[in-house]
Each structure stands twice: as structure tokens, then as C-alpha cells.
Amino acid sequence: MANAANPATSVFLTPESAKQCIETANGTPLYAYSKQKLIDNANKCLSFPNAFGLTVRYAMKACPNGAILKLFNSKGIHIDASSGYEVRRAMAQGVPPENISLSTQELPHDFAELVDMGVKVNACSISQLERFGQHYNGKGQKVGVRVNPGVGSGGFSASSTGFSKTNVGGPASSFGIWHELVEDGTVGEIVEKYGLEVERIHTHIGSGSDPAVWQAVATKSLSFCKIFPTVTALNLGGGYKVGRNAGEPTTDLQEIGKPVAEAFRTFSKENDGRELKLEIEPGTYLVAMAGALVSTVQDKVFTSGEEGHVFLKMDAGMTDVLRPSLYGAIHPITILPGSGKSEDVGDETESVVVVGHCCESGDLMTPQSGEPEALAERNLRKAEIGDIIVMDGSGAYCAGMSTKNYNSFPEAPEVLVDEEKGQVHLIRARQPMEQIWANECVPQGLF
């Protein structure tokens, strides 16, 4: 019999469907994604309030698997790419170049080739804008400008101006052109010098959920649009906070969006009827809770004394989900019976520390919140070696941000769960071991 500390299912997997995933992937660890949750989340984003038109761009860095890119493309969702390589990857999956926007810390050497194909580029620094302008000097080329608005909203920080690993706005962030360089005419002078046309303003504040911060940034960002009469769209980048655990809030897109839409209407009234389109760039919101890491309890050990613990060792770890080790992020964890049968769930629980399989003290899956180096126990179903561990909330920044190949562990496979048809599809095979060292070269005669 299941209880609150010992649920019979994870967010979207039962013991039976988890077992089906394992069979499809030919073992653990693996990433599983819920097709229905991906579609539901896409529909919510496509319903984001707007005044004069909306473009939803998937921040593909969150989870760049081709099947997921194709699914969102079929829904009419465009792409936010963070590197030239991501642009190429999206195009390889059939995403039209004109549906891709590139905002990057490193402007690729072939940026002009991408632009000529239809890709939209946001200049994220003065030097990027100069390089862009030098190449397209006098051609009236359209360009976007990413602005650091001076504030941010980070998921692991309460500060809107201080440093946080998930805060990409404010004086402690290197992302975007500092807003004063827009306001003092520096950007405008470069645009004029090269005969460019600014078609889009882009701001990005991080992965937070404070509606007040979002509304303030929207208003501030609209003031940048006013400087450039050629701007037709404002991209309010940034992730929407998703509650992975019980009691954690999830951003209400309708609540956060309605004041933004009203700000666009006000801007229009005050600027001779200029109607700006809105662009948003969800990543976490679209995929985080639609994905889970499925692994196996491969060992169980204990230490004694006042500071002793019971440790569950997964056959996965920071090689697959880095967020706990990097941020002290908390993921929901469910222990399911290795038999894959719901009737075997039982009701016995115990407090445990869950760790990964790497020879690395930092490979900790149950840290204290925001403290990646501090152990925390979880009260979970009493596990036996061979049981299944499901770590939910692993759809975003897990497969795409793994430390794969550390300790020479291969990249884990991915599967897509089609709940409606009761099917599980392999969407990435497990990496063959030989691929790990395939690109290594040992010069002949060196040893």
C-alpha cells in the first residue's frame, strides 16, 4: 500500500511504465519524457497573453533532443539557440532557418552564412554588433540587440542585481549589452555607421518567477524599443520558474503575461500606434517536469554513529543530472519496485542519502537546498538493490547539461513515453563505449 512518503507512481511513470522504458532502452540509466506533458506545456506557452502577436521560442539548450525539437516545431514553436552549433542542430531536424533566433556568448565564425539562410541574430555585445556591422556594411541588414536591463531574476538567488548561477541580468552578469550603452546612443551610433536596421530588442533576466520583476523588465525593455523606430518585436527572454517539489510555486503564465500585454498596449497608445509583437523563450517550463531520469539502485551501504547514514547508490549520477551537484537543486525522487509491479510498492520507508555512481564526493543527488556540498536525507520507500529510482524534474538542463563520459560512463539513452497509445519510443540510443575514445589520437612513435 502506497503512502505520502512512498507513492505508487512518480510524476508520470508507474512501476509498469518505468519497466517498459527500461526494456525499450535496454537497461538503465535513461531519460524518459512524457509526450502528453510536452504537448500540454507547449499549449500553455502558446496561450501566453499578448497584445499584437506572439512568437514562442523554445530555449533548446534545455533539452536539444531531435524528437523534442520536431514535436515543438510541429506545434508552431520556434527556436532560441545559444550557439551556432545549436542552430545547425535545429536545422538538421527540419526547423526552418527563419524560425531560429541566435543569442550567443560566442558569435560563430560562420554567422553571416547563417544570417543569409534566414537565421535571426541578436548582437549580445558591442564587439558582436561591430563584427556584424562590418560584414553587412551599407546593406541595411536587420539585426536584433540583446540588452542587459540592469536587473535579473535567478532561481537560486533572491537578489535581482547580485551574482547567481541562474541570473543573467544585472551588473553581475556578462550577458547582453549594458543598458546604458543603449540609452547613451553608443549602440545607435554603431547601427547608423554600418547602415543596420534594429528589428528586435531582446532582454533576458534569468530563471525566476517574480511577476513584479518581469513586469518591470517589460516596461524597461519597451523603453529600449522606443529608441529604435524600426523595432517590430520585443523578446522577453528568461525561464519561468517551475515547482519541481511539493509546495514550490510554478509560474502562472496568465498572471505574469496579462500586465505585460497591457504594457504593450500602453506603449502603442503612447507611440503613435506602434504595435510590437512579443517573443518569449521558455525552456524549463516546457520540458522540466515532462522528463525524468530512470535509474537502478545498484548498491546500498551504511555508516554508523551520530553522523551515520544509509546510502543508496544509483547507476547514474552527475554524469546524467548535474543540477544537484552544481546548484544544490532538489529533485523529486521516487523508489519503485524492481519487479515493475504496482502491487509490490509496499509501505515501508527509510531515511536515506542518494548518491551517484561517480568516483567523486560531489556526486550527490540529495543535497541540502542550495547547498551542493551538504548532505540531506530523504524519507523514501525502503529500497533493495535492483529497485528503480525515478528522479523527476529532469527534463530540463539534465541530458543537455550532463557531464557524460566522466569516469568513462557512456551517454545515457532517451525515450519518449506516448501515454495515449501506451507506447515507449527510443529517441536516442545508449552511446557505444568505443565512441568515448573514438576521437583520441596517439601519435605513432611517441612512446
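Residues numbered from 1 in each chain as written. Predicted model: local features only at pLDDT ≥ 70, side-chain atom pairs only at ≥ 80, totals over all residues. Heavy atoms only, no water.

Engineer: Explanation requested: the overall build of the protein in the structure shown.
Structural biologist: A tally of helices and strands in the protein yields 13 helices and 20 strands. Rg of the C-alpha trace for the protein: 23 Å, near the compact-globule value of 22 Å for 447 residues, within the 12% margin. With the principal axes as the frame, the protein shows a C-alpha extent of 70 × 65 × 45 Å. Within the protein, the proportion of its 447 residues that are buried is 53%. Taking contacts inside the protein between residues at least 6 apart in sequence as the whole, the part at least 24 apart equals 71%. By element, 50% of the accessible surface of the protein is carried by carbon and sulfur atoms, the whole surface being about 19,200 Å². (Helix = DSSP H or I, 4+ residues; strand = E, 2+ residues; numbered from the N terminus. Rg over C-alpha atoms; globule rule 2.2 N^0.38 Å. Buried < 20%, exposed > 50% of the residue type's maximum accessible area, 1.4 Å probe, protein only. Contact = heavy atoms within 4.5 Å. Areas by Shrake-Rupley, 256 points an atom, 1.4 Å probe, with all protein chains shown as cover.)

Engineer: Teacher, can you tell me more about the packing of aromatic side chains here?
Structural biologist: The geometry of an aromatic ring pair comes down to the distance between the two centres and the angle between the two planes. Per the counting criterion, the structure on display carries 5 aromatic pairs. Aromatic pair Phe132 and Tyr136: ring centres 5.1 Å apart, planes at 40 degrees, arrangement tilted. In this structure, Phe132 and Tyr136 share a single accessibility class: buried. The structure contains a cluster of three or more aromatic residues connected by ring pairs, namely Phe48, Tyr240 and Tyr285. (Phe/Tyr/Trp six-rings, centres within 6.5 Å; stacked < 30°, edge-to-face > 60°.)

Engineer: Would you mind going over the layout of surface pockets with me for this structure?
Structural biologist: One simple way to see leftover space: roll a probe sized like a water molecule over the atoms. For the second largest pocket, the calculated volume is near 270 Å³. Taken together, 15 residues line the second largest pocket, and the ones lying closest to its centre are Glu360, Ser361, Gly362, Asp363 and Leu364. In terms of residue class, the lining of the second largest pocket is built from 6 nonpolar, 5 polar and 4 charged. (1 Å grid on protein atoms, 1.4 Å probe; cavity = no way out; pocket = protein on both sides within 12 Å on 5 of 7 lines; lining within 4 Å. Points joined across faces, edges and corners; volume = space filled by probe spheres on them. Nonpolar A, V, L, I, M, F, W, Y, C, P; charged D, E, K, R; others polar.)

Engineer: Would you take a moment to explain the environment of Thr296 for this structure?
Structural biologist: Tracing the sequence through the fold places Thr296 in strand β11 (residues 291-302). Assessed through its relative accessible area of 19%, Thr296 is described here as buried. Spatially, the C-alpha atom of Thr296 lies 19 Å from that of Glu360, the residues being 64 residues apart in sequence. Those residues within four positions of Thr296 in sequence are excluded, and the remaining contacts are Thr28, Lys313, Met314, Asp315, Gly386 and Asp387. At a separation of 2.7 Å, a polar atom in the side chain of Thr296 contacts the side chain of Thr28. (Polar contact = N/O pair within 3.5 Å; in protein donor to acceptor, adjacent residues only side chain to side chain.)

Engineer: Honestly, the environment of Ser83 in this entry has me stumped. Any pointers?
Structural biologist: Relative to the assigned elements, Ser83 resides in the loop between β3 (78-81) and α4 (84-92). Counting along the chain gives 101 residues from Ser83 to Asp184, while the straight-line C-alpha distance between them is 29 Å. In this view, Ser83 contacts Leu102 and Thr104; residues no more than four positions away in its chain are not counted. Of the polar contacts made by the side chain of Ser83, one reaches the backbone nitrogen of Glu86; its length is 3.0 Å.

Engineer: Would you take a moment to explain the packing of helix α2 (residues 35-46) against helix α3 (residues 66-74) for this structure?
Structural biologist: Between two packed helices, what matters for the description is the angle formed by their axes and the separation of those axes. In the contact formed by α2 and α3, the axes pass within 10 Å of each other and the chain directions differ by 40 degrees. One way to sum up the angle between α2 and α3 is to call them oblique. Handedness of the α2/α3 crossing: right-handed. Contacts between α2 and α3 pair Lys35, Leu38, Ile39 and Ala42 from the former with Ile68, Leu71 and Phe72 from the latter. Here the residues of the contact of α2 with α3 are counted per class, giving 6 nonpolar, no polar and 1 charged. (Axes fitted to C-alpha atoms, helices over the stretch in contact; angles between N-to-C directions. Parallel < 35°, antiparallel > 145°, perpendicular 65-115°, else oblique. Left-handed = near helix turned anticlockwise from the far one by under 90°.)

Engineer: I would appreciate a short explanation of the pattern of salt bridges in the present structure.
Structural biologist: Pairing between side chains of opposite charge can happen when the charged atoms of each approach one another. Across all of its chains, the model carries 14 salt bridges by this definition. Across the pair Arg88 and Asp110 runs a salt bridge whose closest N-O atoms are separated by 2.9 Å. With Arg88 in helix α4 and Asp110 in the loop between β4 (100-103) and α5 (111-117), this pair connects stretches of sequence that are 22 residues apart. A salt bridge links Glu348 to Lys382, with the nearest nitrogen and oxygen atoms 3.4 Å apart. (Salt bridge = Lys/Arg side-chain N within 4 Å of Asp/Glu carboxyl O.)

Engineer: What is the right way to look at the packing of helix α6 (residues 126-135) against helix α8 (residues 186-194) in this model?
Structural biologist: The contact between α6 and α8 brings their axes to 9 Å, and the two run at 10 degrees. In terms of orientation, α6 lies roughly parallel with respect to α8. Contact with α6, carried on its side by Ile126, Leu129, Glu130, Gly133 and Gln134, involves Thr186, Val187, Ile190, Val191, Lys193 and Tyr194 of α8 and no other residues of that element. Across the contact of α6 with α8, the residue classes tally to 6 nonpolar, 3 polar and 2 charged.

Engineer: Sorry if this is basic, but what is going on with the confidence of the model for the protein here?
Structural biologist: Caution applies to low-pLDDT regions: their predicted coordinates should not be interpreted in detail. Overall, the predicted model of the protein reaches an average pLDDT of 93, with 93% of residues at or above 70. Every residue in residues 155-164 scores below 50 in pLDDT, and together they form 24 contacts with partners more than four places removed in sequence or on other chains. (pLDDT = per-residue confidence, 0-100.)

Engineer: What am I meant to see in the pairing of strand β10 (residues 277-280) here?
Structural biologist: Pairing geometry for strand β2 (residues 54-59) and β10, over 3 bridges, is parallel. Within the sheet, the bridge partner assigned to Leu54 lies in β10 and is Leu278. Note: strand β9 (residues 233-240) against β10, 4 bridges, orientation parallel. Opposite Asn235, over in β10, you have Glu279 as the bridge partner. Handedness of the crossover is the feature at issue here: the chain leaves β9, passes through helix α10 (residues 253-270), returns alongside β10, and the resulting connection is right-handed. (Pairing = 2+ DSSP bridges. Right-handed = clockwise from strand over helix to strand, strands pointing away.)

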